[in-house]
Amino acid sequence: MGRLVVVSNRVPVPDKKGTAPAGGLAVALQSALEARGGLWLGWSGQSCGEDAIGPLKTLKDGNIDYALTDLTEKDVEEYYHGFANRVLWPICHYRLDLAEYGRREMAGYFRVNRFFASRLLPLIEEDDLIWIHDYHLIPLAAELRRQGVKNRIGFFLHIPWPAPDVFLTMPVHEELLTSLTAYDVIGFQTVHDRENFADCLARQGLSRRLGESRFSVGERTFTAKPYPIGIETEAFAALARRAGETTLHRRMLQSLDGKSLIIGVDRLDYSKGLTQRIDAFETFLTRHPDNQRQVTLLQITPKSRSEVPEYEAMQRAVAEQAGRVNGALGTVDWVPIRYVNRSLRRPALAGLYRMAKLALVTPLRDGMNLVAKEYIAAQNEEDPGVLLLSRFAGAAAELKEAVLVNPYDVEGTADAMARSLAMPVEERRERWKGLMATLRKNDVFVWCDGFLTDLAGATLPRIRAAS
Ligand code: GDG
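Residues numbered from 1 in each chain as written. Predicted model: local features only at pLDDT ≥ 70, side-chain atom pairs only at ≥ 80, totals over all residues.

Section: the site of the ligand
(1) Moving on: The ligand sits among 21 residues. The nearest are His158, Ser343, Gly367, Met368 and Leu370.
(2) Moving on: Secondary structure elements with two or more residues in the shell around the ligand: helix H12 (346–355) and helix H13 (370–377).
(3) Moving on: It is H13 that provides the largest number of residues to the shell around the ligand, a total of 3 residues.
(4) Moving on: Here the shell around the ligand spans two domains, since at least three of its residues come from each of domain 1 (4–230 + 444–456) and domain 2 (233–440). (Near = placed C-beta within 6 Å. Helix = DSSP H or I, 4+ residues; strand = E, 2+ residues; numbered from the N terminus. Domains from an automatic or database assignment.)

Structure, rendered in structure tokens:
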């Protein structure tokens, strides 16, 4: 069995004490890397002047080698803030209006992918399985193939793949689609994403469909299949159970003073539907006034990508909106929305999920959404809370027993909040049992194994079989 080589834009490098940053994806990939032996390569997060890029920074932890590369300031500007976050991210989340196409950024994106390929190339061994992650690195396999790599290479897209009418608005859509055909296995979060991808290929006449998940382009065949990502279900449930003993938990309960907690946890991102959610919460409080002074919405929203102008503007807009609702509806002893712009520690988060009677997971578009899954895993089985989930999150395809809403329908979402809070305990238990069974069956280890099994079994490119 060959090593596993993972490539992603950022790498969760363990700290000096050997503790890896928390998060299901990191844990699952690290355990797969540990089992096979492997390498994880990505950007160090540091940028430098032109010509100042030094050798890879390396670190060994057990069976895993980490390799980090710096990028130049120009690289970061064009590849990361530019094309990845101002073109691919908005396009894949159906926000054509926010996409900023610039030739410089597009060229920078392909150039940095070439650079990643050149850094990886000397490290690859013949039997390595290579697994590349996410929208930052779509052309990486094509670059590696160009430089002679014959290994099996897989790709997993964490975000949605849009419908052809949206995807094809991108000036470089053809290059991106063609470069994806250099992979052996392409993983999506949902069937819907895979079908959108297949529709894009068909529209461009780029490949033949051989079966549900098999496609061919010239001599090459590849698999494109859904692998819905999960969480570490049991570990997260245990974390939430233990959180009841902490001081934060006691302080929080005290400060709620008998009010029901509603929770939202999202990176500050326009895809997460925060504006519509706060509107819906305000509408819920005005249409169902019995709930005033009875509930508190805790919205935890760590800042992200503040260098991108849309995010900076949104930061101000959401803070103002929450302030306005608090001003209009709050009383001297009741604040309807507690808006927190900081990141909490994972155990604290697990405890707050468990305390909350209702979770609002209402993205306008989301690849999967792990918060929805974490909230369910954190519940107390005797008295579980309710998950209100956007039908436009990938998670909605699996989490059928959640209360599904259309986040664009503010009044509909507001009424669903009222219904969820009034839901009898028997119905809550019934729904939770179904949801939890799904999370147990399909946790992050199943996701990881499923992808790697397909990748390991993928037919090798013809060119290699002939040699
Ligand atoms: C992308 C796709 C897909 C959030 N606030 C805090 C905190 N978090 C953690 C959550 C969760 C993670 O961040 C967020 O994951 P999501 O899945 O909800 O969203 P994205 O960041 O957009 O992730 C998404 C995912 O990739 C995986 O494939 O599901 O669709 O967009 O784990 O708990 N964690 C801590 N403190 C916080 O304040 N510790």
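Considerations on the pairing of strand E14 (residues 358–361)
(1) Moving on: By the alternation rule, side chains of E14 split into Leu358 and Leu360 and Ala359 and Val361, which are all buried.
(2) Moving on: Bridge analysis of strand E11 (residues 260–265) against E14 gives 2 bridges, and the strand direction is parallel. Note on E14: the bridge partner recorded for isoleucine 262 is leucine 358.
(3) Moving on: Sheet topology note: the E14/strand E15 (residues 386–390) ladder contains 4 bridges and is parallel. Directly across from valine 361, in E15, lies its bridge partner leucine 389. (Buried ≥ 20, exposed ≤ 12 C-beta atoms within 10 Å, placed from the backbone. Pairing = 2+ DSSP bridges.)

Side note on the packing of H13 against helix H15 (residues 425–441)
(1) Moving on: In the contact formed by H13 and H15, the axes pass within 10 Å of each other and the chain directions differ by 115°. Handedness of the crossing formed by H13 with H15: left-handed. Across the interface between the two elements, Lys373, Ile376 and Ala377 from H13 touch Trp432, Leu435, Met436 and Leu439 from H15.
(2) Moving on: Looking at the contact of H13 with H15 residue by residue, the class counts come to 6 nonpolar, no polar and 1 charged. (Axes fitted to C-alpha atoms, helices over the stretch in contact; angles between N-to-C directions. Left-handed = near helix turned anticlockwise from the far one by under 90°. Contact = placed C-beta atoms within 7 Å. Nonpolar A, V, L, I, M, F, W, Y, C, P; charged D, E, K, R; others polar.)

A short note on the domain arrangement of the protein
(1) Moving on: You can read the domains of the protein as domain 1 (4–230 + 444–456) and domain 2 (233–440).
(2) Moving on: Centre-to-centre, using C-alpha coordinates, domain 1 lies 31 Å away from domain 2.
(3) Moving on: Between domain 1 and domain 2, the residue contacts involve 18 residues of the former and 17 residues of the latter.
(4) Moving on: For the side of domain 1 that touches domain 2, the per-class residue count stands at 7 nonpolar, 9 polar and 2 charged.

Details of the sheet that holds strand E1 (residues 4–10)
(1) Moving on: In space, the 10 strands of this open sheet follow the order E3-E4-E2-E1-E5-E6-E7-E10-E9-E8, with mixed pairing throughout. Either end of the sheet is taken by a strand with one partner, and the two such strands are strand E3 (57–61) and strand E8 (208–209).
(2) Moving on: Relative to strand E9 (residues 214–217), E8 runs antiparallel, the two being bridged by 2 bridges. Bridge pairing in E9 links arginine 209 to phenylalanine 215.
(3) Moving on: This element, helix H2 (residues 73–92), spans strand E2 (38–48) and strand E4 (64–72) of the sheet and lies at about 95° to E4.

Details of the sheet that holds E15
Strand-to-strand pairing in sheets goes through backbone hydrogen bonds, with the strands running parallel or antiparallel.
(1) Moving on: Taken in spatial order, the 6 strands line up as E13-E12-E11-E14-E15-E16 in an open sheet, and their pairing is parallel. Looking along the sheet, the strands with just one partner apiece sit at the ends: strand E13 (337–340) and strand E16 (403–405). With strand direction ignored, the average angle separating the axes of adjacent strands in the sheet is 20°.
(2) Moving on: As paired elements, strand E12 (residues 295–300) and E13 share 4 bridges and run parallel to each other. Within the sheet, the bridge partner assigned to leucine 297 lies in E13 and is isoleucine 337.
(3) Moving on: Its contacts with the sheet place helix H14 (residues 410–421) against E11, E14, E15 and E16, and it is angled at close to 170° to E16.

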